[in-house]
Amino acid sequence: LYIAFFEEKQHLVASARIIMNSGCYTAITTPYKNGAVDYEGLEKLVAFQIQNGITGILAVGTTGESPVLNWDEHNKVIEAVAHNTKNHCICIAGTGSNNTAESLAGTKHAAKVGADAVLLVDPYYNGPSSLEIRREYVAPIAAAFPDLDVIPYVIPGRTGAQLLPEDLALLYQAHPNVCSVKEATADLANMRRTRECCGPDYRIMSGDDGMTYEMMTDPAINAAGVISVAANVAPGAVSKMVQLLNGGNQTEAKTLMLKLAPLFSLVTVKTTEKTPFGEVVCRARNPVAYKALMSILGMPAGGCRPPLGKLTQKGVNVVLEAARNVHANAPDILQPVADFFNVDIGQRLENPENWEGLYYENY
């Protein structure tokens, strides 16, 4: 009887703690004005997302340039997003770090200001093992904040570390509030192993726009949705694609996915550039291209903070080509930007004045 009661209680507690649902969450950019965080612009971006039916907003993720915000800015951005999403959609706070004490402090603040969940990126550079990530990082935070959903963010290409499926399962077993993962390994076998270890109720969220369709249609992965970069400019369309997939309408979802594909490709922009010493590959990583696109479209964005900088001129051309492709073949995808920010998308994509200063004049 004790065991049965304990299991029922654990189930009820776990159910109460599950805040996130399947859907589309935007990893929102942090806009700047004159080098400082543009809180007025941030409020507009949040309102744009809410108006277009987003499930939730992630504040201060990689797209929000978490590594270059000081903790005062970091906390204020989370507070602003939590305030503006209240009673509208879910707020996820990026409180991950390569310092557990720092993450604990950030998570405490996020909980205090009303965030519904926190995202913990694998500790970067110091490269702990999966065992250490579980025992010395995620578990202490999950234990300290049992009423907050804690979402590990597994992205070894950025961090040089990886929380493994087996350790995700152990965390889920010990801490019911660690019931989701943002999966950005680009490794389908790893995702299938996560589902195998963690079971059918565990939520695997795509952390890679371009893989969302495949992750959600593969029955051995059965992803629940996406924490999206492209949703910064196309929240309605990305949300609709996820809704179609969750409703079993793969045909219509695939059609929409193909229309969105040019935007998905902008997470990383690679160009070949000439130098006095020969050709080199320039790899502009998120959010450089998306902030450039948002600026071109007339949305609050600002530039990136160093050490991120600008695209090359070829890189800007890649961004323009992708946006023009979408505008020509599926104009409804970017129409909400035109309506909300009162801009002419065609004019924004054809007038060179709109991308002045967004690229380096020479390599």
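Residues numbered from 1 in each chain as written. Predicted model: local features only at pLDDT ≥ 70, side-chain atom pairs only at ≥ 80, totals over all residues. Heavy atoms only, no water.

Let us look at the overall build of the protein. Within the protein, the regular secondary structure consists of 15 helices and 14 strands. Relative to the 2.2 N^0.38 estimate, which gives 21 Å for 363 residues, the radius of gyration of the protein is 20 Å and therefore close to what a compact globule would have. Judged by the C-alpha coordinates and their principal axes, the protein covers about 70 × 45 × 40 Å. Within the protein, counting contacts between residues at least 6 apart in sequence, those at least 24 apart form 70% of the total. (Helix = DSSP H or I, 4+ residues; strand = E, 2+ residues; numbered from the N terminus. Rg over C-alpha atoms; globule rule 2.2 N^0.38 Å. Contact = heavy atoms within 4.5 Å.)

The next subject is the sheet that holds strand 6 (residues 117-121). The parallel closed barrel is built from eight strands, whose spatial order is 1-4-5-6-7-8-9-10. For this sheet, the mean angle separating the axes of adjacent strands, direction not counted, is 25 degrees. Note that strand 6 and strand 7 (residues 149-154) share five bridges and pair parallel. In the strand pairing of strand 7, Ala 117 is matched with Asp 149. In the packing of helix 3 (residues 71-85) onto the sheet, the strands contacted are strand 4 (56-59) and strand 5 (90-94), and the crossing angle to strand 5 comes to about 175 degrees. (Pairing = 2+ DSSP bridges. Axes fitted to C-alpha atoms, helices over the stretch in contact; angles between N-to-C directions.)

Below, the discussion takes up the pattern of salt bridges. Tallied over the full model, the rule gives 10 salt bridges. Two residues, Glu 196 and Arg 193, come together in a salt bridge whose shortest N-O distance is 3.3 Å. Remark: Arg 193 and Glu 196 occur in helix 8 (residues 188-198); sequence separation between them is three residues, near one turn of the helix. For Arg 193, a relative accessible area of 31% gives the class partly exposed. Among the ionic pairs, Arg 324 bridges to Glu 350, the shortest N-O distance being 3.2 Å. A residue pair is termed long-range when its members are at least 10 positions apart, and Arg 324 in helix 13 (residues 313-329) and Glu 350 in helix 15 (residues 345-350) qualify at 26 residues. You can call Arg 324 partly exposed: its relative accessible area is 29%. (Salt bridge = Lys/Arg side-chain N within 4 Å of Asp/Glu carboxyl O. Buried < 20%, exposed > 50% of the residue type's maximum accessible area, 1.4 Å probe, protein only.)

This next bit is on the packing of aromatic side chains. Under the definition given, this model contains four aromatic pairs. The interplanar angle of 65 degrees and the centroid separation of 4.8 Å between the aromatic rings of Phe 340 and Phe 341 together place this pair among those described as edge-to-face. In this structure Phe 341 comes out as buried when scored by relative accessible area, which is 15%. One aromatic cluster is present, formed by Phe 48, Phe 340 and Phe 341 through successive ring pairs. (Phe/Tyr/Trp six-rings, centres within 6.5 Å; stacked < 30°, edge-to-face > 60°.)

Glancing now at the packing of helix 10 (residues 235-246) against helix 11 (residues 250-264). Following both chains from N to C, one finds helix 10 and helix 11 inclined at 150 degrees, their axes separated by 9 Å at the closest point. Between helix 10 and helix 11, the interaxial angle falls into the category roughly antiparallel. For the pair helix 10 and helix 11, the crossing hand works out as left-handed. Residues Ala 237, Val 238, Lys 240, Met 241, Leu 244 and Leu 245 of helix 10 touch helix 11, and the partners they reach there are Gln 250, Glu 252, Ala 253, Leu 256, Met 257, Leu 260 and Phe 264. Split into classes, the residues belonging to the contact of helix 10 with helix 11 amount to 10 nonpolar, one polar and two charged. (Parallel < 35°, antiparallel > 145°, perpendicular 65-115°, else oblique. Left-handed = near helix turned anticlockwise from the far one by under 90°. Nonpolar A, V, L, I, M, F, W, Y, C, P; charged D, E, K, R; others polar.)

Next up on the list: the pairing of strand 10 (residues 225-228). Burial along strand 10 is two-sided: Gly 225 and Ile 227 facing one way and Val 226 and Ser 228 facing the other are all buried. Looking at chain direction, strand 1 (residues 23-27) and strand 10 are connected through four bridges and run parallel. Note on strand 10: the bridge partner recorded for Gly 23 is Gly 225. One ladder, built from two bridges, connects strand 9 (residues 203-206) with strand 10; its direction is parallel. The partner of Ser 206 across the bridge, within strand 10, is Val 226. Read from strand 9 through helix 9 (residues 212-217) to strand 10, the crossover connection turns out right-handed. (Right-handed = clockwise from strand over helix to strand, strands pointing away.)

Our focus in this paragraph is the confidence of the model for the protein. For the protein, mean pLDDT is 94; residues scoring 70 or higher make up 95% of the total. In the model, residues 1-17 has pLDDT below 50 throughout and makes seven contacts with residues more than four positions away in sequence or in other chains. (pLDDT = per-residue confidence, 0-100.)

Time to look at empty space enclosed by the protein. Any space left empty among the atoms is revealed by the rolling of a water-sized probe across them. Summed over the entire model, instances satisfying the criterion amount to one cavity of 30 Å³ or more. Roughly 30 Å³ of volume is contained in the largest cavity. Surrounding the largest cavity, Val 154, Leu 163, Leu 164, Pro 165, Leu 168, Val 181, Glu 183, Asn 190 and Thr 194 form its lining. Residue assignment for the lining of the largest cavity shows that the elements contributing at least two residues are helix 7 (165-174), strand 8 (180-183) and helix 8. Class assignment of the residues belonging to the lining of the largest cavity gives a composition of six nonpolar, two polar and one charged. (1 Å grid on protein atoms, 1.4 Å probe; cavity = no way out; pocket = protein on both sides within 12 Å on 5 of 7 lines; lining within 4 Å. Points joined across faces, edges and corners; volume = space filled by probe spheres on them.)

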